[in-house]
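Observations on chain architecture
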Amino acid sequence: MHLRHVSTTPGSPLSGLGLAFKPQVAPLPDEVVIQKSVNSAFIGTDLEEHLAAIEASALTICGLTTPHCVSTTTRMAANMGYDVRLVADACAAFTSNADTSFDDGPTLSAEDVHRAALAHLHGEFAQVCQTSEILT
């Protein structure tokens, strides 16, 4: 299943041309595409119904951005009882002033933000793994 964040914020990069899937991860004709407009893929969507229909008990999650949509969806999936694998090298974060500091403290790099989000999720909400572990 593919999830796409469609922003309701005017001028958001997650609207218009920003909605296109990258060719290497574009859905195949028979794959489900679910649109969401909040951080969690479970809120305001029919994701849970699709998962129930295929009797899913485990999920493998990847996407953007690690501390936002990926983290929120991973936490909710685990709390709903799914066995979750989170693919570290198939997720990423980016930085902006709003993302990296809440005060006058040091600015965090995108890699620091990404790794911190993964560390917070690993063990309690998901098993963090690498693409190579899944494809073998």
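Residue numbers restart at each chain and count upward from 1, following the sequence in its written direction. Predicted model: local features are reported for residues with pLDDT of at least 70 only, side-chain atom pairs are reported and counted for 80 or more only, and whole-chain, interface and lining totals are derived from all residues. As a rule here, side-chain values cover all heavy atoms of the structure and leave hydrogens and water aside.

**Thoughts on the nonpolar core**
Among the buried residues, those of types Ala, Val, Leu, Ile, Met, Phe, Trp, Tyr and Cys that are joined through side-chain atoms within 4.5 Å form a nonpolar core. Working definition: with a 1.4 Å probe on protein chains only, accessible area under 20% of the residue-type maximum means buried, over 50% means exposed, and in between means partly exposed. Phe 42, Leu 59, Ile 61, Ala 77, Tyr 82 and Leu 86 are the most contacted members of the largest nonpolar core, which totals 18 residues. Helix and strand definitions follow DSSP, with helices as H or I runs of at least four residues and strands as E runs of at least two, each counted in order from the N terminus. Elements represented by at least two residues in this core include exactly helix H1 (47-53), strand E3 (58-64), helix H2 (66-79), strand E4 (83-92) and helix H4 (110-121). If one sorts the elements of this core by residue count, E4 sits on top with four residues. When sequence neighbours within four positions are dropped, the list of residues in contact with Tyr 82 reads Phe 42, Leu 51, Ala 56, Ser 57, Ala 58, Leu 59 and Ala 77. Here a residue-residue contact requires only that any non-hydrogen atoms of the pair lie within 4.5 Å.

**With respect to unusual backbone geometry**
The amide bond that connects Leu 64 to the next residue, Thr 65, takes the cis arrangement and shows omega of -15 degrees. On the secondary structure map, Thr 65 appears in the loop between E3 and H2. Residue Glu 55 is not a glycine yet carries a positive backbone phi of 55 degrees. Tracing the backbone through its elements, the reader meets Glu 55 in the loop between H1 and E3.

**Observations regarding the layout of surface pockets**
Using protein atoms alone on a 1 Å grid, points that fit a 1.4 Å probe yet trap it form a cavity, whereas open point sets bounded by protein on both sides within 12 Å along at least five of seven lines form a pocket; residues with an atom within 4 Å of a point count as lining. Grid points are joined across faces, edges and corners, and a volume is the space filled by probe spheres set on the points. As a volume, the largest pocket reaches approximately 1600 Å³. Around the largest pocket, the lining is made up of 42 residues, and of these Leu 3, Arg 4, Cys 62, Gly 63 and Leu 64 lie nearest the centre. Elements with a contribution of two residues or more to the lining of the largest pocket: strand E1 (2-5), H1, E3, H2, E4 and helix H5 (131-135). Top contributing element to the lining of the largest pocket by residue count: E3, with six residues. Taken together, the residues that form the lining of the largest pocket break down as 24 nonpolar, 14 polar and four charged. For this classification, the nonpolar set comprises Ala, Val, Leu, Ile, Met, Phe, Trp, Tyr, Cys and Pro, the charged set comprises Asp, Glu, Lys and Arg, and every other residue, Gly included, is treated as polar.

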